[in-house]
Every structure is written in structure tokens, then in C-alpha cells.
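Summary of the model geometry
Each chain, letter by letter, is given below.
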Amino acid sequence: MSLVLQVGAPVAQFATDAVGFVGDLLGYALAAAVAAGVTALVFRWYFKEQVSKGVAALVGVAAVVAALQFVELGLVIEGNETDIFQLQAVLENVAAISIGIAISLVGWRVGDAFATNVFAVTGVRELEGEVSRVVRSVGRVTAITLPEEVGDIDEHDAVSAERKAEMAGKTLLFPRKLTVEELRGRLATRLKDDYGVGYVDVEIDEDGGVEYLAVGSRMTGIGPTLTPGAAAVAIEADPAATASPGDIVQVWTDTESPERVVTAELRAATDDVTTLAVDAADATTLDATRSYRVVTLPSEPKTEHEFASLLRAAEETMGVVTVRAESPLDGKAVSDVGEIVAAVRPERGTVEAIPHRSRTLIAGDTLYVIARPDGVRRLEAEAQPQTQPSSPAAGE
């Protein structure tokens with residue numbers, strides 16, 4: 001009987017140790033899964049992208065190591081001697097870390113899938129992963145998938161290929177019950193805010209599919225507002241505090257006997273650096289190595305520069321469309337164009353600024369319109385002759 005007790009005691013102790021070891025591994029696995037899952041969820045919510053496997057595994061292993069250190073610290077506080085280099089301790093630590101790496105990948109997948117579906121239901125605006133089919137079917141959100149090919153808007157600076165590659169294939173989420181026009185406007189605003197493009201030309205069908213997408217950069221700087229034959233020059237000068245861009249100024253030499261150098265237009269002034277718009281022929285008369293005096297003349301700022309500054313900040317752009325014979329625009333009134341017509345230049349004659357709404361358009365008229373890029377594209381199509389199918393011969 002004593003022999004049985006002597007043999008049974010180690011077996012019972014071994015079973016108790018094994019159960020405790022398995023329980024510890026399950027605890028470490030749970031800690032790794034939770035840490036990796038929370039990391040995947042937070043990363044998807046903040047960056048709208050999937051966190052990499054390596055990062056999730058690293059966070060999961062860090063949670064396991066922290067738990068192991070916490071256990072060792074508890075033993076030290078209780079006064080128990082610990083030896084991390086014992087074979088049993090080494091095997092337990094290696095097993096815990098291995099389990100942590102494996103379970104971290106499970107937590108990574110579960111956390112990312114949970115974020116993709118739950119955030120779609122709650123109205124997150126953008127996701128890299130696939131949106132839940134249930135959400136799409138019940139119509140809780142409107143999902144817009146951008147085309148794989150993003151074009152360029154004519155007569156605008158092109159957006160970089162890297163930026164267009166970021167937009168291609170992206171899935172964006174919008175609230176439900178939006179009209180096509182409201183959805184188009186929100187999509188254009190999102191692309192401008194998220195990707196820094198200046199103009200967006202997009203066509204959306206009744207089902208919410210993107211039929212056409214093109215983007216362009218907004219023109220910046222002084223160059224687009226310079227008239228032909230003009231140049232911008234920066235000089236050392238300090239204009240009056242009341243001077244503003246568009247004022248006509250005289251540039252004088254800063255000597256005992258000042259001499260007038262040139263008459264120019266003030267464009268910008270920062271500290272003692274002044275930017276002027278002058279005739280290209282007069283640009284060489286200004287020396288960048290010397291200082292000048294600037295005298296402001298009593299004249300009002302030019303309205304064309306105020307218009308240019310407002311147009312650069314607006315969603316619309318300026319387009320030029322020439323009416324062709326037998327086109328839908330041929331014979332229409334200005335009021336029927338559907339866009340703002342700032343001026344009309346006949347084939348023979350002077351430019352008519354702000355034409356009357358009842359003016360009839362004829363072939364050869366050139367329209368200067370203010371519209372969004374898609375509006376300009378529509379007018380360009382309407383200004384071209386429409387080919388009509390030939391009617392069948394009589395008797396057929």
C-alpha cells in the first residue's frame with residue numbers, strides 16, 4: 001500500500017503540474033489574441049488599412065512576455081527562488097512565446113474582420129477591405145468603388161501617377177438615401193480633401209457605379225494670372241502698409257537722387273521682399289542685388305485679378321468651348337446652356353462680356369464658361385456636330 005502511495009504521489013503531482021502548465025498556456029494565448037485583435041481593430045479604424053502580420057505578431061508576443069515577467073515578479077515578491085535558466089523554465093517560456101505567435105495571427109484576422117464589418121455598419125467613410133455583403137444588401141450605407149483607371153482632366157496640370165494609384169480601386173462609404181448629384185458632390189469633396197487634388201470630373205450612374213473619373217491639379221502661384229508678355233520679378237523693397245495685390249506702383253531707385261525705374265503691378269509683399277508683375281521687356285531693368293522704393297499710385301485693384309483669386313479657390317473652373325455647325329448648342333440661347341457664360345467671342349467681332357441670356361448662339365461662337373469639369377466636358381460634347389443616322393429610302 002505504501003508503494004502505491006509512493007508511486008501515485010509523483011503521478012498526481014505531474015498531472016497537477018501539467019494541468020497548471022496548460023492553463024498558463026491558454027492564458028498566454030488569450031492575452032496574445034486579445035492584444036493582436038485590438039491592434040488590428042484600432043489600426044483599421046484609424047488608418048483605414050489592414051495592419052501587417054508582423055506587427056500583430058510582435059504585439060501579441062509582447063503581451064505574452066509581459067505576462068511571463070509579471071509571473072516571475074510575483075514569485076520574487078513572495079520570496080520564492082526562481083531560475084530562468086532551468087530546463088523546465090526555458091521550455092515553458094519557449095512554448096508560451098510559440099503559442100503567442102500562432103494565436104496572434106488568429107487574433108489579427110478576427111480583429112480586422114470585426115473592424116471591417118462593424119465600422120461599415122456604423123458609417124465609416126472608407127475601407128480597404130471588402131465591405132460586408134449584408135450591409136450592402138440592406139442599404140445601410142452606399143458603397144462607391146473607384147475605377148482602376150483614373151484619367152487626367154484636359155487643360156489642367158496632371159496629378160502624379162502615385163496619387164492616382166492610391167485612388168484606383170478604393171472603396172468609399174457614404175450615407176444612404178443620397179441623390180446622384182449629392183453623391184457626386186460628396187465624392188468630389190472627399191477626393192479633394194483626402195488626396196489633395198484640385199478638380200474632379202466624375203460620372204455616377206443611378207446604381208451608384210462610377211462610369212468615369214478624371215482628376216487634375218489646381219493651378220497655383222502667380223504664373224496662371226500673368227497676362228501674355230508679362231513677367232514676375234522679386235525685388236528688395238518695402239511698399240506702403242496699405243498697399244495690396246493688384247495696386248499699380250512705381251519703382252524708384254533708393255539713392256540720394258531717386259530715379260523712376262518702371263511702373264508695375266504689386267502682387268505680393270513679405271517683409272522687405274516685394275513681387276511685381278512687369279512687362280517682360282522691363283524685367284531686365286530691375287536689379288535683384290539692390291534695394292528700391294515703391295510708391296503706390298491712387299488706382300483701384302484690377303477686377304480680373306480678384307476674379308482669378310476667387311476662381312482658384314472655387315470648385316468651378318474656366319472652360320473655353322467653340323460652337324460648331326449643326327451641334328446641339330447651335331441655335332440655343334445663352335440661358336439654355338446650363339452653365340455660367342462669362343463671355344462670348346463671335347467668329348468675327350469683339351468679345352461680349354456677360355452676354356444677355358436671350359442671346360442666340362451660332363456656329364463659330366466661342367464661349368467662356370464657368371463650370372465644374374464635368375460641366376465643361378458636357379458642353380464640349382454638345383458643341384460638336386451630332387451624326388444622325390441616315391433614314392431608310394422610301395418604299396423600304
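Predicted model, so just to flag it, every value in this text is computed and none were measured.

With respect to the overall build of the chain
A tally of regular secondary structure across the chain gives 8 helices and 15 strands. Split into buried and exposed, the 396 residues of the chain put 33% on the buried side. For the chain, restricting intrachain contacts to residue pairs at least 6 apart in sequence, the fraction spanning at least 24 positions comes to 67%. Counting every atom, the chain has about 23600 Å² of accessible surface; 57% of that belongs to carbon and sulfur.

Here's the deal with the pattern of salt bridges
A full pass over the atoms with the stated rule returns 15 salt bridges. The closest approach of N and O atoms between Arg 190 and Asp 194, which form a salt bridge, is 3.2 Å. Of the two residues, Arg 190 and Asp 194 both sit in helix 6 (residues 180-195), 4 residues apart, roughly one turn of that helix. The buried category is assigned to Arg 190, whose relative accessible area is 7%.

Digging into the sheet that holds strand 8 (residues 248-253)
Strand order across the open sheet formed by 5 strands is 7-10-9-8-11, with antiparallel pairing between neighbours. This sheet does not close on itself; its edge strands, each paired only once, are strand 7 (230-236) and strand 11 (292-296). Going across the sheet, the axis of each strand differs from the next one's by a mean of 45°, ignoring polarity. One ladder, built from 7 bridges, connects strand 7 with strand 10 (residues 273-279); its direction is antiparallel. By the bridge assignment for strand 10, Glu 236 is matched with Val 273.

Focus: helix 6
With 16 residues, helix 6 extends 22 Å between its outermost C-alpha atoms, agreeing within 8% with the 22 Å of an ideal straight helix rising 1.5 Å per residue. Considered for burial, the residues of helix 6 that qualify are Leu 183, Arg 184, Leu 187, Ala 188, Arg 190, Leu 191, Lys 192 and Tyr 195. Taken from the residues just after helix 6, Gly 196 is the one with a positive phi, measuring 70°.

Describing the side chain of Ser 327
Inspection of the secondary structure puts Ser 327 in the loop between strand 12 (317-322) and strand 13 (340-345). Judged by relative accessible area, Ser 327 falls into the buried class, the value being 6%. The contacts of Ser 327, once residues within four sequence positions are left out, are Glu 382, Ala 383, Gln 384 and Pro 385.

Some words on the UniProt feature "transmembrane region" (unreviewed entry) in the chain
Summarizing the sequence annotation, UniProt attributes the feature "transmembrane region" (unreviewed entry) to residues 28-47, 54-77 and 89-108 in the numbering used throughout. Secondary structure across residues 28-47 comprises 100% helix and 0% strand; the distance between its end C-alpha atoms is 28 Å. Here residues 89-108 runs as 100% helix and 0% strand, with 28 Å between its end C-alpha atoms.

Notes on the pairing of strand 4 (residues 171-175)
Most of strand 4 is tucked away, with 4 of its 5 residues classed as buried. In this sheet, strand 4 lies alongside strand 2 (residues 141-145) in antiparallel orientation, the contact comprising 5 bridges. Counted as the bridge partner of Thr 142 is Phe 174 from strand 4.

Comments concerning the sheet that holds strand 5 (residues 199-204)
Ordered in space as 3-6-5, the 3 strands form an open sheet in which the pairing is mixed. Each having just a single partner strand, strand 3 (151-152) and strand 5 make up the two edges of the open sheet. By the bridge criterion, 6 bridges tie strand 5 to strand 6 (residues 210-216) in an arrangement that is antiparallel. Within strand 6, the position partnered with Glu 203 by the bridge is Tyr 212.

Focus on the nonpolar core
Judged by nonpolar contacts, the single largest core of 19 residues is most densely connected at Leu 146, Met 167, Leu 187, Leu 191, Val 197, Val 200 and Leu 213. For this core, the elements supplying multiple residues, two or more each, are strand 4, helix 6, strand 5 and strand 6. For this core, the leading source of residues is helix 6, giving 5 residues. Once residues lying within four places of it in the same chain are set aside, the contact partners of Val 200 are Ile 153, Arg 184, Ala 188, Leu 191, Lys 192, Leu 213, Ala 214, Val 215 and Pro 373. Counting 15 residues, the second-largest nonpolar core is a separate cluster that includes Val 251, Ala 264, Leu 266 and Tyr 292.

As for the side chain of Asp 112
Structurally, the position occupied by Asp 112 is in helix 3 (residues 87-122). With near-sequence residues (within four places) excluded, Asp 112 lies in contact with Ala 40, Arg 44 and Gln 50.

Some points on unusual backbone geometry
Residues other than glycine seldom take positive phi values, yet Glu 326 does so here, at roughly 60°. Relative to the helices and strands, Glu 326 resides in the loop between strand 12 and strand 13. One non-glycine residue, Ile 354, lies in the positive phi region at around 50°. On the secondary structure map, Ile 354 appears in the loop between strand 14 (352-353) and strand 15 (366-371). Since its relative accessible area comes to 66%, Ile 354 is described here as exposed.

Things to note about a negative patch on the surface
A contiguous patch of negative charge on the surface is contributed by Glu 236, Asp 238, Asp 271 and Asp 272. Here Asp 238 shows up in the loop between strand 7 and strand 8. Residue classification places Asp 238 among the exposed positions, given a relative accessible area of 59%.

Overview of the confidence of the model for the chain
Low pLDDT marks stretches whose predicted atomic positions should not be read closely. Across the chain, the average pLDDT comes to 78, with 76% of residues at 70 or higher. The low-confidence segment residues 1-8 (pLDDT under 50) makes 0 contacts with residues lying over four places distant or belonging to another chain.

Points about a nonpolar patch on the surface
Taken together, the side chains of Leu 30, Val 34, Val 38, Val 42, Trp 45, Tyr 46 and Phe 47 make up a nonpolar region of the molecular surface, amounting to roughly 740 Å² of accessible area. Within the fold, Val 34 resides in helix 1 (residues 2-47).

Cut-offs used in this document
- Residues numbered from 1 in each chain as written.
- Predicted model: local features only at pLDDT ≥ 70, side-chain atom pairs only at ≥ 80, totals over all residues.
- Heavy atoms only, no water.
- Helix = DSSP H or I, 4+ residues; strand = E, 2+ residues; numbered from the N terminus.
- Buried < 20%, exposed > 50% of the residue type's maximum accessible area, 1.4 Å probe, protein only.
- Contact = heavy atoms within 4.5 Å.
- Areas by Shrake-Rupley, 256 points an atom, 1.4 Å probe, with all protein chains shown as cover.
- Salt bridge = Lys/Arg side-chain N within 4 Å of Asp/Glu carboxyl O.
- Pairing = 2+ DSSP bridges.
- Axes fitted to C-alpha atoms, helices over the stretch in contact; angles between N-to-C directions.
- Expected span 1.5 Å × (residues − 1).
- UniProt positions renumbered as here; feature names shortened; annotations may be inferred.
- Core = buried A, V, L, I, M, F, W, Y, C linked by side-chain atoms within 4.5 Å.
- Patch = residues over 30% accessible without salt bridge, like charges linked within 9 Å, V, L, I, M, F, W, Y side chains within 5 Å.
- Lys, Arg positive; Asp, Glu negative; His and termini not counted.
- Charge placed at Lys NZ, Arg CZ, Asp CG, Glu CD.
- pLDDT = per-residue confidence, 0-100.

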